[in-house]
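# Commentary on secondary and tertiary structure
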Amino acid sequence: MADRPEPHTPLHDQPFPELLGQACQAVISSDGQWIAVSSVMHQYSRVAVYRAADLSCAHLLTFTMEAESIAFHPTLPLLAVGLDNYDEYCREGGLTLLEADTGHRVDFADPAWGIEPVRWLDDRTLELTYFALDHGVGSLMARATVVRDDWRGLAPDALDLTALDRTALDPEDPRTYDDIPPAQPLLRALAERAGRSYDARGGVRAVAGVGDGRVLATRRDAAVECWAADGSELWSVPAPSAIGGARIEVAADERTVRVAVAGPDTRTRTDFLLVDTADGTVLDRRSVPFSAAMSARTDGVWAIRDTYDRSFGSEPPTPPNTRIFAADGKRIGSVHVPDRYDLVPLDARRCPELLYGRRGRDVVALASDGAAETVLFTVDAPLGRVVYVSDAAGTALLHGQSELVRRAFPSGEVQWSRPLEAAVSALDTHAGVLHALCADNSLVSLDAADGTVLHRRTLPPYQPLSLHAAPDGTILVGTTAGQILRFPAAHVPTGTAGRDAVGAASDFR
């Protein structure tokens with residue numbers, strides 16, 4: 001079975017997806033041919049180098065430290081990257097040099113000091129600013145310069161950061177910091193100059209396709225939005241906060257979609273909207289004064305469960321119940337749950353039952369009025385992501401965390417299991433094929449009946465977030481970068497199980 005990157009054709013004109021919507025600093029080489037941008041997230045950073053001519057990505061560097069500070073050499077296409085782990089007790093950092101035209105890269109480490117910012121004083125001199133912690137009590141700051149006549153093709157031992165002559169600085173002196181302009185305006189201007197646009201609208205936390213080829217999605221500032229099959233945006237419902245929608249459930253007739261949306265203060269409000277898929281009209285809005293998660297079953301009955309984090313202080317203003325609603329939003333039942341960890345909804349898709357875990361072991365089906373629970377089976381570990389399937393092999397739950405498992409439904413008998421190379425982040429199924437989105441940036445498709453791996457797609461480096469198999473079998477992958485990758489339907493091959501199949505992908509924002 002081959003493991004190869006999937007080609008994809010963009011249906012949008014948004015560049016810089018490798019930044020995952022988190023651009024920090026952007027710089028341009030002296031000859032104007034290269035654009036470098038840093039992107040920093042928690043304990044993870046990227047530095048992407050783009051060709052100015054067409055904004056295509058030439059190099060993508062990843063780090064487990066913060067790599068916000070970047071600087072191009074005054075005359076060479078040489079990029080310096082300062083690294084700092086910002087650990088309060090075990091500070092370390094480093095310097096990476098990348099030649100944009102040749103791809104030559106060299107990394108230098110410092111086990112005790114973080115480096116940020118980096119700055120070229122002239123074509124021979126690189127200035128480094130160091131940070132460290134004084135036994136966890138205060139900050140130490142120093143500065144050093146590296147002078148070389150030739151900065152090209154350096155070997156890994158060409159520079160010892162720990163041996164540089166450093167000058168101590170006052171950490172409180174504001175003059176020691178460079179005023180770095182925000183990256184977003186520059187990237188927007190560069191995109192416009194190339195006849196494109198860039199808005200970094202944020203990750204797609206939930207995605208769903210409907211029968212006519214349209215795609216529904218949530219993202220930052222949007223409760224839900226709708227895209228035509230050709231990639232044009234049809235309508236968007238704004239969200240009350242920058243978090244946007246968290247989950248969407250499309251009605252069986254596809255005329256409406258129910259969306260869970262966090263309020264401006266995610267701990268004290270959650271909205272549940274019913275939206276007309278034709279034009280985005282909000283038909284119903286239910287709110288609760290606490291954070292809550294939504295689950296649903298295929299007949300339209302849906303439920304919410306309190307997720308208020310009591311570790312922050314006072315109790316929420318209402319009891320931590322699980323509330324159950326009809327498809328039209330009318331409340332039809334509830335379950336009082338004094339301990340919110342006792343009755344936990346399973347992340348189950350396409351299921352005719354409201355499935356919950358009771359006391360971390362029992363998998364139960366909750367009646368629509370909340371008055372009764374049916375214990376289905378007992379497990380030794382959480383199921384993880386779950387999708388219901390009814391096929392020639394019977395009804396079953398397909399679920400997974402570090403491995404994929406098929407259990408007969410409702411008995412829970414294990415029918416097959418298959419270990420995976422990475423954790424499962426999302427599951428869905430269509431026409432006898434199980435699709436698993438994995439943390440190693442892959443999309444694995446298996447025969448749902450027996451677990452045979454049909455093919456494995458390596459996705460573009462846009463950090464996949466969400467997954468859905470549309471009615472026509474199109475596989476939709478929402479990403480942190482804001483794209484929705486679309487792959488053609490996968491089918492169970494007759495007599496050729498395990499054969500690799502490669503499909504083209506397209507994406508749009």
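The written sequence of each chain sets the order in which its residues are numbered from 1. With the structure being a predicted model, the display of local features is reserved for residues of pLDDT at least 70 and the display and counting of side-chain atom pairs for 80 or more, all residues being used for whole-chain, interface and lining totals. The basis for every side-chain value is the complete set of heavy atoms in the structure, and neither hydrogens nor water enter the calculation.

### Points about the overall build of the protein
The way it works is that DSSP assigns letters per residue, a run of H or I at least four long becomes a helix, a run of E at least two long becomes a strand, and they are numbered from the N terminus. Summing up its helical and strand segments, the protein has one helix and 43 strands in all. Categorising residues by exposure relies on relative accessible area from a 1.4 Å probe, with only protein chains included: less than 20% of the type maximum marks a residue as buried, more than 50% marks it as exposed, and the intermediate range marks it as partly exposed. Here the protein holds 509 residues, and the buried ones make up 52% of them. The contact rule is simple, with two residues in contact once any of their heavy atoms fall within 4.5 Å. Sequence-distant contacts in the protein: of pairs separated by 6 or more residues, those separated by 24 or more amount to 45%. Only carbon and sulfur atoms are counted for the fraction: they give 50% of the accessible area of the protein, which is about 21,700 Å². Note on areas: these come from Shrake-Rupley sampling with a 1.4 Å probe, and a residue is covered only by the protein chains present in the view.

### A short note on the packing of aromatic side chains
By convention, a stacked pair of Phe, Tyr or Trp rings (six-membered ring in the case of Trp) has centres within 6.5 Å and planes under 30 degrees apart, an edge-to-face pair has planes over 60 apart, and any other such pair is tilted. Tallied over the full model, the rule gives seven aromatic pairs. Between F16 and Y198, the ring centres sit 5.2 Å apart and the planes meet at 90°, which makes this aromatic pair edge-to-face. Of the two residues, F16 sits in the loop between β2 (8-10) and β3 (23-28) while Y198 sits in the loop between α1 (183-193) and β15 (206-209), which places them 182 residues apart along the sequence. Accessibility assignment for this pair places F16 and Y198 in one class, buried. Every member of this aromatic cluster is reached through a ring pair, and the members are F16, Y50 and Y198. Positioned above the aromatic ring of Y130 is the side chain of R166, whose terminal nitrogen or guanidinium carbon lies 4.1 Å from the ring centre. The criterion for a charge sitting over a ring is simple: Lys NZ or Arg CZ within 6 Å of the ring centre, and within 35 degrees of the ring normal.

### A short note on the sheet that holds strand β20 (residues 256-262)
A pair of strands counts as paired when DSSP detects no fewer than two bridges linking them. Here we have four strands laid out as an open sheet, ordered β19-β20-β21-β22, and antiparallel in their pairing. Edge positions in the sheet fall to β19 (245-250) and β22 (282-288), since each has one partner strand and no second. On average, each strand axis in the sheet is tilted by 15° relative to the strand beside it, whichever way the strands run. In terms of strand pairing, β19 meets β20 through five bridges, oriented antiparallel. Note on β20: the bridge partner recorded for R247 is A260. Axis definition: a line fitted to C-alpha atoms, over the contacting stretch in the case of helices. Angles run 0 to 180 degrees between N-to-C directions.

### With respect to the pattern of salt bridges
By definition, a salt bridge exists where a carboxyl oxygen of Asp or Glu is found within 4 Å of a side-chain nitrogen of Lys or Arg. Going through the model one piece at a time under the given rule, you end up with 28 salt bridges. D380 serves as the salt-bridge partner of R361, at 3.8 Å between the closest nitrogen and oxygen. Separated by 19 residues along the polypeptide, R361 in the loop between β29 (354-358) and β30 (362-366) and D380 in the loop between β31 (373-378) and β32 (385-391) bring together distant segments of the chain. Residue classification places D380 among the exposed positions, given a relative accessible area of 75%.

### Quick notes on the nonpolar core
Ranked by internal contacts, the top residues of the largest apolar core, which has 23 residues, are L95, L97, L128, Y130 and L161. Among the elements of the structure, β8 (78-84), β9 (93-99), β10 (105-110), β11 (114-120), β12 (125-134) and β13 (138-147) are those that each provide at least two residues to this core. Looking at this core, the element that brings in the most residues is β12, giving four residues. A396, L398, A436 and V453 belong to the second-largest nonpolar core, a separate cluster that totals 17 residues. Definition of nonpolar core: a set of buried residues of the types Ala, Val, Leu, Ile, Met, Phe, Trp, Tyr and Cys, connected through side-chain atoms within 4.5 Å.

### Some words on empty space enclosed by the protein
Of the two site types, the cavity is a set of points on a 1 Å grid over the protein atoms alone where a 1.4 Å probe fits but cannot get out, and the pocket is an open set with protein on both sides within 12 Å along at least five of seven lines, each lined by residues with an atom within 4 Å of a point. Grid points are joined across faces, edges and corners, and a volume is the space filled by probe spheres set on the points. Here the structure, examined in full by the defined rule, presents one cavity of 30 Å³ or more. Taken as a whole, the largest cavity encloses approximately 40 Å³ of empty space. Along the walls of the largest cavity sit S295, A296, L346, A348, E353, L354 and L355, which together make up its complete lining. For the lining of the largest cavity, the secondary-structure elements that each account for two or more residues are β23 (292-296) and β29. Among the residues making up the lining of the largest cavity, the classes are represented as five nonpolar, one polar and one charged. Only Asp, Glu, Lys and Arg are considered charged in this grouping, and only Ala, Val, Leu, Ile, Met, Phe, Trp, Tyr, Cys and Pro are considered nonpolar; every other residue, Gly among them, is considered polar.

### Focus: the sheet that holds β10
An order of β7-β8-β9-β10 is seen for the four strands of this open sheet, with the pairing classed as antiparallel. Two strands in the sheet have a free side with no partner beyond their single neighbour: β7 (70-72) and β10. Across this sheet, the average inter-strand angle for adjacent strands is 15°, counted without regard to direction. Summarising the sheet, β8 and β9 pair through seven bridges and their orientation is antiparallel. Along β9, the bridge assignment pairs L83 with G94.

### Looking at unusual backbone geometry
In the segment running from E116 into P117, the intervening peptide bond is cis, with an omega of 10°. You can see P117 is positioned in strand β11. With an omega of 15°, the peptide bond between F409 and P410 qualifies as cis. Tracing the backbone through its elements, the reader meets P410 in the loop between β34 (403-408) and β35 (414-419). The phi dihedral of A431 falls on the positive side, at around 50°, and the residue is not glycine. Here A431 lies in the loop between β36 (424-430) and β37 (433-438). By relative accessible area, A431 is classed as exposed at 51%.

### Quick word on the environment of R385
One can find R385 in strand β32. Of the residues examined, R385 reaches a relative accessible area of 34% and is grouped as partly exposed. If we skip the residues at most four places from it in the chain, R385 touches D347, L398, H399, G400, V424, S425, A426 and L427. Nitrogen and oxygen atoms within 3.5 Å of one another constitute a polar contact, given that in protein one can donate a hydrogen and the other can accept it, and given that sequence-neighbouring residues count only through two side-chain atoms. Within the structure, R385 has its side chain in polar contact with the side chain of D347 (distance 2.3 Å). A polar side-chain atom of R385 sits 2.9 Å from the main-chain carbonyl oxygen of S425.

### Observations regarding the confidence of the model for the protein
Note: pLDDT gives the predictor's confidence per residue, expressed from 0 to 100. Per-chain confidence: the protein averages 88 in pLDDT, with 89% of residues scoring 70 or above. Confidence over residues 310-314 falls short of pLDDT 50; this stretch has six contacts with residues more than four positions distant or in other chains. Per-residue pLDDT stays below 50 along residues 496-509; that stretch engages in 71 contacts with residues further than four places along the chain or on separate chains.

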